[in-house]
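# Architecture and fold: a report
This is what each chain is made of:
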Amino acid sequence: MPELIAPTARLHGSWKAAQAEWGPDGHMDGAGLGSDDDVDSPEGFAAWTAGLRRYADRSLPLDHGRVHTTYWWIADGDTYLGAIDLRHYLNSFLLDAGGHIGYGVRPSARRRGLATWALSAVLHEARVLGMDRVLLTCDPGNEGSVRTIERAGGVLEDVRETLIGPKRRYWITL
């Protein structure tokens, strides 16, 4: 039975297997992985997951350009299935291209309703944080994300060119 859990070093092997499924140039949406993060060594992975958990603490200052974010992993026992994050507020980049919520499901676990289930759970968390609406974006050709967002109540605002390419922008009223 899948559940949302805090990022944990315990799933290092399964997370690495998922990363391999995305391939060397794949982007694991919702994972919070930066280009300088060491996820190969157990020590580096443990430090990275601890850092992800700290981003949710609004009492801590963040590096320029970052916003407070809660990260969850979609897991089934010891198997990493994907990730979803909730950005507590938007900076100008996120307002244009990234949105409040990002998610990704590893290729071998897709088409099982995991993204829809996880998004529903995180929309509840957004309400708990006091948000009244959230922005989600996806690539124009990502039909799976389009269906997931629209099933959750997403209303298309526009499709626009952003710093990271064209994006469909949806708002969900909570």
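## Here we look at the overall build of the protein chain
Helix and strand counts for the protein chain come out as five helices and seven strands. Ordered by position from N to C terminus, the α and β elements of the protein chain give β-α-α-β-β-α-β-α-β-α-β-β. Structurally, the protein chain occupies a C-alpha span of about 40 × 40 × 30 Å along its principal axes. Looking at the protein chain residue by residue over its 174 residues, the buried ones come to 44%. Long-range pairs, those at least 24 residues apart, make up 61% of the contacts in the protein chain between residues at least 6 apart in sequence. Roughly 9,000 Å² of accessible area belongs to the protein chain as shown, and the carbon and sulfur atoms make up 51% of that amount.

## As for unusual backbone geometry
A positive phi angle is found at R111, which is not glycine, with a value near 65 degrees. By secondary structure assignment, the location of R111 is in the loop between β4 (101-105) and α4 (114-128). Residue classification places R111 among the exposed residues on the basis of a relative accessible area of 80%.

## Observations regarding the confidence of the model for the protein chain
Of all residues in the protein chain, 100% have pLDDT values of 70 or greater, and the mean over the chain is 94. Within the protein chain, helix α1 (residues 12-22) has the poorest average pLDDT of any element, 94, and strand β7 (residues 165-173) the best, 98.

## Concerning the pattern of salt bridges
Counted under the stated rule, the structure contains eleven salt bridges. D78 serves as the salt-bridge partner of R10, at 2.4 Å between the closest nitrogen and oxygen. Of this pair, R10 sits in the loop between β1 (3-5) and α1 while D78 sits in the loop between β2 (69-76) and β3 (79-87), and the two are 68 residues apart along the sequence. Each of the two residues, R10 as well as D78, counts as exposed. A salt bridge links R160 to E157; its shortest N-O distance comes to 4.0 Å. Judged by relative accessible area, R160 falls into the partly exposed class, the value being 29%. It is possible to trace a salt-bridge network through shared partners that takes in D96, E157, D158, R160 and R169.

## A short note on the side chain of T8
Residue placement: T8 occurs in the loop between β1 and α1. For T8, a relative accessible area of 19% gives the class buried. What T8 contacts, discounting residues up to four positions off in sequence, is F45, T49, R53 and W73.

Scoring rules and cut-offs
Residues numbered from 1 in each chain as written. Predicted model: local features only at pLDDT ≥ 70, side-chain atom pairs only at ≥ 80, totals over all residues. Heavy atoms only, no water. Helix = DSSP H or I, 4+ residues; strand = E, 2+ residues; numbered from the N terminus. Buried < 20%, exposed > 50% of the residue type's maximum accessible area, 1.4 Å probe, protein only. Contact = heavy atoms within 4.5 Å. Areas by Shrake-Rupley, 256 points an atom, 1.4 Å probe, with all protein chains shown as cover. pLDDT = per-residue confidence, 0-100. Salt bridge = Lys/Arg side-chain N within 4 Å of Asp/Glu carboxyl O.

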